[in-house]
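Coordinates in review
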Amino acid sequence: MLKSTAATVLLRRGGRGIVKPSSSRSFAAAASSDEPLVKTALYSLHKEIGGDMVPFAGYELPVLYKSENGGVMKEHLWCRSEGKASLFDVSHMGQIRWHGKDRAAFLEKVVVGDIAGLSDGSGCLSLVTNENGGIIDDTVITNAGDHVYMVVNGATKFGDMKHFNEQMDKFDGDVTMEYLEDSMQLLAIQGPGAAEAVAKILPNGFDLTKMAFMTGVDTTLDGIDGCRITRCGYTGEDGFEIAMPADNAVSIASKLLSDPAVNATGLGARDSLRLEAGLCLYGHDLNETINPVEATLAWTMGGPKSRRRKEGGFLGAEHILKPDGKLQKVAKKRVGIMGMKAPAREGAEIYDSSGETKIGDVTSGTFSPCLKAPIAMGYVETPLAKVGTEINIKIRGKMQKAEITKMPFVESRYYRVPE
């Protein structure tokens, strides 16, 4: 089992060859069902404040909190409320540092984004693809100056690193992958009050008003060295992901939670918040058989005239892009859906307006706490993916009328630096 005190793992390419991982877990797969669940550094704190712990991505994490402001509905609405902020434990996610003079060149072989073009401190959402153009994972990548900082999904991180290891074997260049294991913990603080709350643990003079969305920097948090803050998140609200040494995670989380505007929030609300924001959950809305165009995530490659669209060069590019950089046509596309009377859950079948011809499937669905109505995401045949198209969804064996709608379902409020 990975422990918070474990040393980082280095995989090197170049003159020194490859250093094999020291972790007791193989990069070949995530935790199997017979392995004990990993506890983050905040496990005892979660239990102390009412966390209802469940298995998730090989870890034991809170789905919700049994507290005055707890429960999925209350936790969700708190995150959208003016002056409020929600704190999530996302330490299960994989944190990786990439070193070596050819790190950007290597990453552009395995992800679709413009990594070489990232200025110091800037980041982007990108996609890891396979030889067929399918999505292995989605990831946030930041140019941290002397290295590249990457965060990947917890459920896929070991498979991702196995894939990266295989690709490094084929890469003729200087690149090192440093996996931080659980020695670094990761928190997300999200909501309209996130900036005010996190400012209280930042050094004097740190001006968050000048920190743009999708930028990050190494810093101290509550006087603790070796931390990092990135302005990003997965709720559609302003917010930050903050990384800190495992030994200091409880003190930093406790300091944030001592602010009455900050509420501990679990996996349940995290899922409903991301769905309202029109954001994908890997393994549900994205997988290795779905490509960026089908997922309506082609923008992660840049615009039609961008370097990555013109050059390609990443795994599976020929299945996604035409030689001139235009997008390949696809048979299905990801869409938003509303109008049904009951929530449509994952796997619900989507039919055309006549209710006779199946045209797709729902991949995520819930009841929106903000809209007070069911919302869903899914894939339908491309000719029927236009906003306003009338459809039917089979819910509990009965057809319900619905309509293709734009996403996000709830307007995003990502931070913009004042001009």
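Keep in mind it's a predicted model, so treat the numbers as computed, not measured.

What follows deals with the nonpolar core. Core analysis: the biggest nonpolar cluster contains 26 residues, and Ile189, Val198, Phe240, Ile242 and Ile252 have the highest contact counts within it. Secondary structure elements with two or more residues in this core: strand 5 (85–89), strand 11 (184–190), helix 5 (194–199), strand 13 (224–230), strand 14 (239–245) and helix 6 (249–257). Non-local contacts of Ile252, meaning those with residues more than four positions away in its chain, are made with Ile201, Leu221, Ile224, Cys227, Ile242 and Met244. Counting 23 residues, the second-largest nonpolar core is a separate cluster that includes Val111, Ile136, Val148 and Tyr179.

Let us look at a nonpolar patch on the surface. Taken together, the side chains of Met73, Leu77 and Phe367 define a hydrophobic patch exposed on the protein surface, amounting to about 250 Å² of accessible area. Mapped onto the secondary structure, Leu77 falls in helix 2 (residues 72–80).

Taken as a whole and assessed by the stated rule, the structure comprises 20 salt bridges. Across the salt bridge formed by Arg307 and Glu311, the nearest N and O atoms sit 3.3 Å from each other. Of the two residues, Arg307 and Glu311 both sit in helix 8 (residues 307–311), 4 residues apart, roughly one turn of that helix. Look at Glu311 and you get exposed, because its relative accessible area is 54%.

Below, the discussion takes up helix 7 (residues 267–276). The buried fraction of helix 7 amounts to 9 of the 10 residues, a majority that puts the element mostly inside the structure. Where the residues of helix 7 are buried, they touch strand 3 (51–56), strand 4 (59–65), helix 2, strand 5, strand 18 (358–368) and strand 19 (373–381). Positive phi appears at Gly278, one or two residues downstream of helix 7, with a value of about 75 degrees.

Right, let's talk about the packing of helix 2 against helix 7 for a bit. Put simply, helix 2 and helix 7 touch, their axes get as near as 8 Å, and they point 50 degrees apart. On the basis of the axis angle, helix 2 is oblique to helix 7. For the crossing formed where helix 2 meets helix 7, the hand is right-handed. Mapping the contact onto sequence places Val72, Glu75, His76, Cys79 and Arg80 in helix 2 and Gly268, Ala269, Ser272, Leu273 and Glu276 in helix 7.

Bringing unusual backbone geometry into the picture now. Here the residue pair Met407 and Pro408 is connected by a cis peptide bond, since its omega of 5 degrees sits within 30 degrees of zero. Its place among the elements puts Pro408 in the segment after strand 21 (398–405). The phi dihedral of Glu181 is positive, around 50 degrees, even though this residue is not glycine. Within the secondary structure, Glu181 is located in the loop between strand 10 (175–179) and strand 11. A positive phi angle, close to 55 degrees, is found at Thr296, a residue other than glycine. Within the element layout of this structure, Thr296 appears in the loop between helix 7 and helix 8.

Let's shift gears to the environment of Met377. As for its position among the elements, Met377 is in strand 19. Considered as a pair, Met377 and Tyr234 are 143 residues apart in the sequence and their alpha carbons are 16 Å apart. If near-sequence neighbours (up to four positions away) are discounted, Met377 is found in contact with Arg274, Leu275, Gly278, Leu279, Cys280, Asp285, Arg334, Val335, Val362, Thr363, Ser364 and Met407.

Time to look at the side chain of Gln95. In this fold, Gln95 is placed in strand 6 (residues 94–99). Sequence-distant contacts of Gln95, defined by excluding residues within four places in its chain, comprise Tyr149, Met150, Val151, Glu178, Tyr179, Leu180, Met184, Gln185, Leu186 and Ala243.

Turning next to the sheet that holds strand 13. With mixed pairing, the 6 strands of this open sheet are ordered in space as 12-13-14-11-5-15. The two strands at the open ends of the sheet, each matched to only one other strand, are strand 12 (216–221) and strand 15 (262–264). Strand-to-strand twist of the sheet, defined as the mean angle between neighbouring strand axes without regard to direction, takes the value 30 degrees. One ladder, built from 5 bridges, connects strand 12 with strand 13; its direction is antiparallel. In the sheet register, Leu221 faces strand 13, and the bridge partner there is Ile224. On the sheet, helix 6 packs against strand 5, strand 11, strand 12, strand 13, strand 14 and strand 15 and is oriented at approximately 145 degrees with respect to strand 14.

Moving on: the side chain of Arg309. By secondary structure assignment, the location of Arg309 is in helix 8. Among buried charged residues, Arg309 stands out as having no salt bridge; its nearest opposite-charge side chain is Asp324, 7.5 Å away. A polar contact of 3.3 Å, which involves the side chain of Arg309, links it to the backbone oxygen of Gly302. The residues touching Arg309, leaving out its near neighbours within four places in the chain, are Met301, Gly302, Gly303, Pro304, Leu321, Gly325, Lys326 and Leu327.

Further remarks concern the confidence of the model for the chain. Mean pLDDT over the chain: 93, with 92% of residues reaching 70 or higher. Low confidence marks residues 1–9, where pLDDT is under 50. Its contacts with residues over four positions away, or in another chain, come to 32 contacts. A low-confidence stretch, residues 12–32 (pLDDT under 50), is modelled with 50 contacts involving residues beyond four sequence positions or located in other chains.

Look at any regular strand and the pattern is simple: side chains alternate between the two faces of the sheet. The element strand 13 is extensively covered by neighbouring structure, given that 5 of its 7 residues are classed as buried. Counted along the chain from strand 12 to the antiparallel partner strand 13, the turn is 2 residues long, and its residue Asp222 has a positive phi close to 55 degrees. Bridging between strand 13 and strand 14 involves 3 bridges; their strand directions are antiparallel. Across the sheet, the residue bridging to Thr230 is Glu241, located in strand 14.

Once that is clear, we can look at the environment of Pro369. Locating Pro369 in the fold gives a position in the loop between strand 18 and strand 19. On the basis of relative accessible area, Pro369 is assigned to the buried category, the value being 6%. For Pro369 and Ala269, which are 100 residues apart along the polypeptide, the C-alpha to C-alpha distance reads 9.6 Å. If we skip the residues at most four places from it in the chain, Pro369 touches Met73, His76, Leu77 and Glu276.

Rules behind the numbers
Residues numbered from 1 in each chain as written. Predicted model: local features only at pLDDT ≥ 70, side-chain atom pairs only at ≥ 80, totals over all residues. Heavy atoms only, no water. Core = buried A, V, L, I, M, F, W, Y, C linked by side-chain atoms within 4.5 Å. Buried < 20%, exposed > 50% of the residue type's maximum accessible area, 1.4 Å probe, protein only. Helix = DSSP H or I, 4+ residues; strand = E, 2+ residues; numbered from the N terminus. Contact = heavy atoms within 4.5 Å. Patch = residues over 30% accessible without salt bridge, like charges linked within 9 Å, V, L, I, M, F, W, Y side chains within 5 Å. Areas by Shrake-Rupley, 256 points an atom, 1.4 Å probe, with all protein chains shown as cover. Salt bridge = Lys/Arg side-chain N within 4 Å of Asp/Glu carboxyl O. Axes fitted to C-alpha atoms, helices over the stretch in contact; angles between N-to-C directions. Parallel < 35°, antiparallel > 145°, perpendicular 65-115°, else oblique. Left-handed = near helix turned anticlockwise from the far one by under 90°. Pairing = 2+ DSSP bridges. Lys, Arg positive; Asp, Glu negative; His and termini not counted. Polar contact = N/O pair within 3.5 Å; in protein donor to acceptor, adjacent residues only side chain to side chain. pLDDT = per-residue confidence, 0-100.

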